[in-house]
Amino acid sequence: MVDRLKLKLPPRRRWLDYPCAAISGVCLWAAFPDVGWWPLFVIGLAFLVALVDRSSTGRGMWYATLVGALFWLPHIHWSSIATGGWLPWVTLSATQIIALCIWAWCAAISRALVWVRTWWGQTLSWAVLWVAVEQLRSTVPFGGFPWGKTAYAMVDAPWGKLAPWGGEVLVSAVTMMLAVLLRRTFSLLRTRSDEHWWNRPLMLVLAAALACLPLAITLPNAQEAGSIRVGVVQGNVEIPGNATYSVPLKVTGNHTRETLRMAEEGDAVDVAVWGETAADRDPRANSGVANLVDEAVDALGVPILVGFNGYDSQDNTRTNLVGWWYPDSGLSDQLYGKQHPVPFGEYIPWRSFISKLATEAAQVNVDMVAVDNPSLLSVTLNDGREVPFVMGICFEVAYEDLIRDGVDRGGQIIAIPTNNYHFRYSAESTQQAQMLRFRAMEYGRSGIQASTNGVSMIVRPDGTIVRQTVKQTADHMVAQLPLRTSLTWAARLGIIPSVGIMCGGGVVTICAVVRALISVRRR
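Owing to the predicted nature of the structure, the values given are computational and were not obtained by experimental measurement. (Residues numbered from 1 in each chain as written. Predicted model: local features only at pLDDT ≥ 70, side-chain atom pairs only at ≥ 80, totals over all residues. Heavy atoms only, no water.)

**As for the pairing of strand β4 (residues 317–326)**
As a reminder, the rule being used: Working definition: with a 1.4 Å probe on protein chains only, accessible area under 20% of the residue-type maximum means buried, over 50% means exposed, and in between means partly exposed. Think of it this way: any DSSP run of H or I at least four residues long counts as a helix, any run of E at least two long counts as a strand, and we number them from the N terminus. Strands were regarded as paired on the criterion that DSSP finds at least two bridges between them.
Within β4, 10 of the 10 residues are buried, which leaves it mostly tucked inside the rest of the structure. Note that strand β3 (residues 304–312) and β4 share nine bridges and pair antiparallel. If you follow Val-306 over to β4, its bridge partner there is Gly-323. Between β3 and β4, which pair antiparallel one after the other, the connecting turn spans four residues, and Asn-316 there sits at a positive phi close to 55°. Note: β4 against strand β5 (residues 330–337), five bridges, orientation antiparallel.

**Examining the packing of aromatic side chains**
Our working rule: Aromatic pairing here means that ring centres of Phe, Tyr or Trp (its six-membered ring) are within 6.5 Å. Orientation follows from the plane angle: under 30 degrees is stacked, over 60 is edge-to-face, and everything else is tilted. Placement of a charge over a ring requires the Lys NZ or Arg CZ to be within 6 Å of the ring centre, with the centre-to-atom vector within 35 degrees of the ring normal.
Taken as a whole, this structure holds 18 aromatic pairs when the rule is applied. Here the aromatic rings of Trp-78 and Phe-395 are separated by 5.9 Å at their centres, their planes lie at 90°, and the arrangement is edge-to-face. Residue Trp-78 is found in helix α4 (residues 78–83), and its partner Phe-395 is found in the loop between β8 (386–391) and α14 (400–408); the two are separated by 317 residues along the sequence. Seen in terms of ring centroids, Trp-103 and Trp-130 are 5.2 Å apart; in terms of plane orientation they differ by 85°. Their pairing is edge-to-face. Residue Trp-103 is located in helix α5 (residues 87–109), and its partner Trp-130 is located in helix α6 (residues 119–137); the two are separated by 27 residues in the primary sequence. Both residues of the pair, Trp-103 and Trp-130, count as buried. Three or more aromatic residues link up through ring pairs in this structure, and these residues are Phe-32, Phe-41, Phe-71, Trp-72, Trp-78, Phe-145, Trp-147, Phe-395 and Phe-423. The ring of Trp-489 is capped by Arg-492, whose NZ or CZ atom sits 5.7 Å from the centre of that ring.

**So, the pairing of strand β10 (residues 446–451)**
Consecutive side chains of a regular strand alternate in pointing toward one face of the sheet and then the other. What counts here: With its strands directed away from the observer, a crossover is right-handed exactly when the path from the first strand over the helix to the second travels clockwise.
Within β10, six of the six residues are buried, which leaves the element mostly enclosed by the surrounding structure. Alternating residues of β10 divide into Ser-446, Ile-448 and Ala-450 and Gly-447, Gln-449 and Ser-451, and every residue in both groups is buried. Taken together, the six bridges between strand β9 (residues 413–418) and β10 define a ladder with parallel strand orientation. Its bridge partner lying in β10, Ile-414 is registered against Gly-447. A crossover connection joins β9 to the parallel β10 through helix α15 (residues 428–443); in handedness this β-α-β unit is right-handed. Alignment of β10 against strand β11 (residues 457–459), held across three bridges, turns out to be antiparallel. Bridge pairing in β11 links Gln-449 to Met-457. Once β10 ends, the chain turns through five residues before running back antiparallel as β11, passing Gly-454 with a positive phi of about 95°.

**Comments concerning unusual backbone geometry**
That bond from Pro-33 to Asp-34 is cis: its omega, 15°, falls within 30 degrees of zero. With respect to the helices and strands, Asp-34 occurs in the loop between α1 (17–30) and α2 (39–53). With a phi angle near 75°, Leu-249 is a residue other than glycine that sits in the positive phi range. Leu-249 gets classed as partly exposed once you look at its relative accessible area, which sits at 30%. For Cys-394, which is not glycine, the phi dihedral falls at a positive 55°. Along the chain, the position of Cys-394 falls in the loop between β8 and α14. With relative accessibility at 5%, the residue Cys-394 sits in the buried group.

**Remarks on the UniProt feature "transmembrane region" (unreviewed entry) in the protein**
Test applied: UniProt positions are given in the numbering used here, feature names are shortened, and annotations may be inferred rather than shown by experiment.
Look at the UniProt record and you will see "transmembrane region" (unreviewed entry) annotated at residues 37–53, 60–80, 86–107, 114–133, 162–182, 202–219 and 489–518. Split by type, residues 60–80 is 90% helix and 0% strand. Its first and last C-alpha atoms lie 29 Å apart. Secondary structure across residues 202–219 comprises 61% helix and 0% strand; the distance between its end C-alpha atoms is 29 Å.

**Examining the pattern of salt bridges**
Spelled out, the test is: Note on definitions: salt bridges are taken to be side-chain nitrogens of Lys or Arg within 4 Å of carboxyl oxygens of Asp or Glu.
Enumeration over the complete set of coordinates arrives at 15 salt bridges. Where Arg-183 meets Asp-53, a salt bridge forms, and the shortest distance between an N and an O atom there is 2.5 Å. Taken together, the residues Arg-183 in helix α8 (residues 163–186) and Asp-53 in helix α2 connect sequence positions 130 residues apart. Summarising the burial analysis for this pair, Arg-183 and Asp-53 share the class buried.

**With respect to the packing of α8 against helix α9 (residues 199–212)**
As a reminder, the rule being used: Only the stretch in contact is used when fitting a helix axis, every axis being a line fitted to C-alpha atoms; angles between N-to-C directions are given from 0 to 180 degrees. Throughout this description, any angle smaller than 35 degrees is read as roughly parallel, any larger than 145 degrees as roughly antiparallel, any in the 65 to 115 degree range as roughly perpendicular, and the remainder as oblique. Should the near helix be turned counterclockwise from the far one by less than a right angle, the crossing is left-handed, whereas a clockwise turn marks it as right-handed. In this analysis, two residues are considered to be in contact whenever any of their non-hydrogen atoms come within 4.5 Å of each other. By the convention adopted, Pro, Cys, Tyr, Trp, Phe, Met, Ile, Leu, Val and Ala count as nonpolar, Lys, Arg, Asp and Glu as charged, and the other residues, Gly among them, as polar.
Contact geometry for α8 and α9: axes closest at 9 Å, N-to-C directions at 150°. It follows that α8 is roughly antiparallel to α9 by the angle criterion. The chirality of how α8 crosses α9 is left-handed. When α8 is examined against α9, the residues Val-174, Met-177, Leu-178, Leu-181, Leu-182, Arg-184, Thr-185 and Phe-186 are found in contact with a partner set consisting of Arg-200, Met-203, Leu-204, Leu-206, Ala-207, Leu-210 and Ala-211. Of the residues contributing to the contact of α8 with α9, the split by class is 12 nonpolar, one polar and two charged.

**A word on the nonpolar core**
Threshold: Among buried residues, those of type Ala, Val, Leu, Ile, Met, Phe, Trp, Tyr and Cys that are joined through side-chain atoms within 4.5 Å constitute a nonpolar core. Reported domain spans reflect what an automatic or database domain assignment gives.
Of all hydrophobic cores here, the largest spans 116 residues; its most connected members are Trp-103, Trp-159, Ile-228 and Phe-389. Among the elements that make up this core, the one with the highest residue count is α8 (11 residues). The residues that make up this core include at least three from each of domain 1 (15–219 + 496–522) and domain 2 (226–335 + 370–485). Setting aside residues up to four positions removed in sequence, Ile-228 forms contacts with Asp-270, Val-271, Leu-381, Val-387, Phe-389, Ile-413, Ala-479, Gln-480, Leu-481 and Leu-483. Of all hydrophobic cores here, the second largest spans 22 residues; its members include Ala-272, Ala-278, Ala-296 and Val-478.

**As for the sheet that holds β10**
The mixed open sheet is built from six strands, whose spatial order is β7-β8-β9-β10-β11-β12. Every interior strand has two partners, whereas the edge strands, β7 (376–380) and β12 (465–468), have only one. On average, each strand axis in the sheet is tilted by 20° relative to the strand beside it, whichever way the strands run. As defined by bridge partners, β8 adjoins β9 across three bridges and the pair is classed as parallel. Bridge pairing in β9 places Phe-389 opposite Ile-413. Across the sheet, α14 lies against β7, β8 and β9, angled at about 165° from β8, the strand it touches most.

Next up, the structure:
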């Protein structure tokens, strides 16, 4: 039944679908850093919509597989660099391609519903299904993989300014709506949109309105709780990173030297931020590391956010921690621990089975465990002010709910210490920095990504970049940033948009399946 609803291409023109799939996949990939041409994402989606819409369910899923492979394999190629093998990279890509195929199946079967076959019905329903699948794959399994979301590519798009009003869900939905409208407006095939002469002009006007009206929105940058002068130190981790970390005090020494350079320049700061595990040994157990951090803190005379790994010899586990180190008292008792360790990267699920399939699993010989704590860590400045920082470590910037938790608890600025040495010169750190920019816009907070080896970045609440470093260099940055306390609608709504869109997608799919089954029975 559903397959009979498709708009078929003549068989002799079917071969054109493959260049279209190639264009779609490459456009989706090029919309993200390091290329970062965001309009290409809408074009890529429009081609994908056309391929799925004019094909049978099975063929549509096949095209989605091709598009997904051309997008995901280059998009997360850095995972092969980090693991030293192709299997984890291909496996992770395959899970995301499956998610894209699920969307293609849901979109195809939704055509069983009469209203979905209208231009407005397809625009709404396919946007709902797209974002629903995107939110689902960002949640399961193992906490999901919230990478490569549509919204992250739209930071510089006009409708990226909708982030404070509905977060990832709204920005991603508008992007897919634009793709459907543009595809139907410029389709070379006669469709149901051509029932009235004015349908195509109307769709073009609606697309233009969706794209351009958000330009009238001004994102806030004003101070609400004063400002803070932040120094970001990128000490660098020389390639190969594993060899560098194997030398005790090497990475910590790099960061201490760069901090001393910043202090010598005389540019006073309120706090400084080091990257994730910039302290290459636990300073609570290693006096050499503690002495180096003390030297850096004493030179600046202000607290430094320091990251390190803590080890539990009894359980043979580790935790990823950051804490404020003060000039007089040393490391604060209050620490933040990573809540979302990366599966297969920082811990190995089903270790006995996985290690038989991939020898790279042996590189993670001590599993990292999650820490149950709020995404907030406050610092007391020399002038007596207490500033609450929204905290996330490395990949945690991709988890919308985790950053929102810190904002809801009163966080006035976002800090993301990260260690990107595994990924060398790849696009991983710039993709991650793009997420920080989106979070800054979404929650109206200044943001800091402090990397051990780059890219480090400082952004304002409207997502604009203040300063940034380059990869694989030692460098530092200083910036005065506004502190903000108000809550955006994205923060106030919480999980409602995400849960609502997934429920909406589920309802559309169930109704379509029921309608298709009824049609089959009647035949």
